[in-house]
Structures are given as structure tokens and as C-alpha cells.
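Here's the letter readout for the chains.
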Amino acid sequence: MCDVVAGTGDTNDDTYAMHEVIRVQSQLGRIRKLRGWSLLDVGHKLNVHPSTVWRWEHSPTYACNITELQMYARVLGYTFRVLVVATGDDESGESLHPPQPEN
């Protein structure tokens, strides 16, 4: 368990926190695909290799790096916190709509 996600040291809390972060990872990939963006597109926006973007979406090891996941969420127009709240009961991501541009 990584220290960034671990909270009180309670195994149940830590497991729940990690589960939430992993759900956010998959939500990032869903949003990227809904926008029609490739791994390469996001990689260019964040100046990282496309394989890094793939790992952010799929690898539990990368769930420990909240800072990088926050950067990815911002590129998509969301905050990490919004993605955690939005994914609570919505595995498909249908409740997440891309933010509307300001007029």
C-alpha cells in the first residue's frame, strides 16, 4: 500500500482509498476515449510517453502517484476530487459530462 493513498493505517480505509483511486484511473481512460483522444494526444499535452498515460489508466502501481493523476484529470478538464465523487456509483462514467466551455 502506498503512503500517499494510505490514511489512518486502518486496512479497510486503505483498501477503500486504493479502490477509489483505481476507479478514477479507469475513469480517466473512459473520458479520454469519449473525447476521441489517443494515448499519444494526452502524452503530448503532458509531455510524457503514451505508455505512461496507459499506466496511469491501468496500473495499480501508478495509483500511488496522485500528483500525476491530478495532472491528467486537469488536462481532461476535471479535478481529481470530482472524479472520485462522480465514480462512486457510476462505473460506466455516464454521469460525467465534459465541462461546458465558459462564454
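Position labels on residues start from 1 in each chain and follow its written sequence. Where local features are concerned, this predicted model is filtered to residues with pLDDT of at least 70; where side-chain atom pairs are given and counted, the filter is 80 or more; whole-chain, interface and lining totals use all residues. Note: side-chain values were computed over all heavy atoms of the structure, leaving out hydrogens and water.

Chemist: It is not clear to me how the packing of helix α2 (residues 39–46) against helix α4 (residues 66–75) should be interpreted in this structure. Could you clarify?
Modeler: Each pair of packed helices can be described by the angle between their axes along with the distance between the axes. One can describe the packing of α2 onto α4 by two numbers: an axis separation of 11 Å at closest approach and a directional angle of 105 degrees. What the angle tells us is that α2 and α4 run roughly perpendicular. Where α2 approaches α4, its residues Val-42, Lys-45 and Leu-46 are matched on the opposing element by Met-71, Tyr-72 and Val-75. Across the contact of α2 with α4, the residue classes tally to 5 nonpolar, no polar and 1 charged. Between N-to-C directions, angles span 0 to 180 degrees; the directions come from axes that are lines fitted to C-alpha atoms, helices contributing only their stretch in contact. Helix and strand assignments follow DSSP, with helices taken as H or I runs no shorter than four residues and strands as E runs no shorter than two, numbered in order from the N terminus. For classification, angles of less than 35 degrees are called roughly parallel, those exceeding 145 degrees roughly antiparallel, those between 65 and 115 degrees roughly perpendicular, and all remaining angles oblique. Residues are treated as being in contact if the distance between any of their heavy atoms lies within 4.5 Å. Charged means Asp, Glu, Lys or Arg here, nonpolar means Ala, Val, Leu, Ile, Met, Phe, Trp, Tyr, Cys or Pro, and polar covers whatever is left, Gly included.

Chemist: Would you mind going over unusual backbone geometry with me for this structure?
Modeler: Both trends apply: most residues other than glycine have a negative phi, and most peptide bonds are in trans. Of note, Asn-47 is a non-glycine position whose phi angle comes to about 55 degrees, a positive value. Here Asn-47 lies in the loop between α2 and α3 (50–58).

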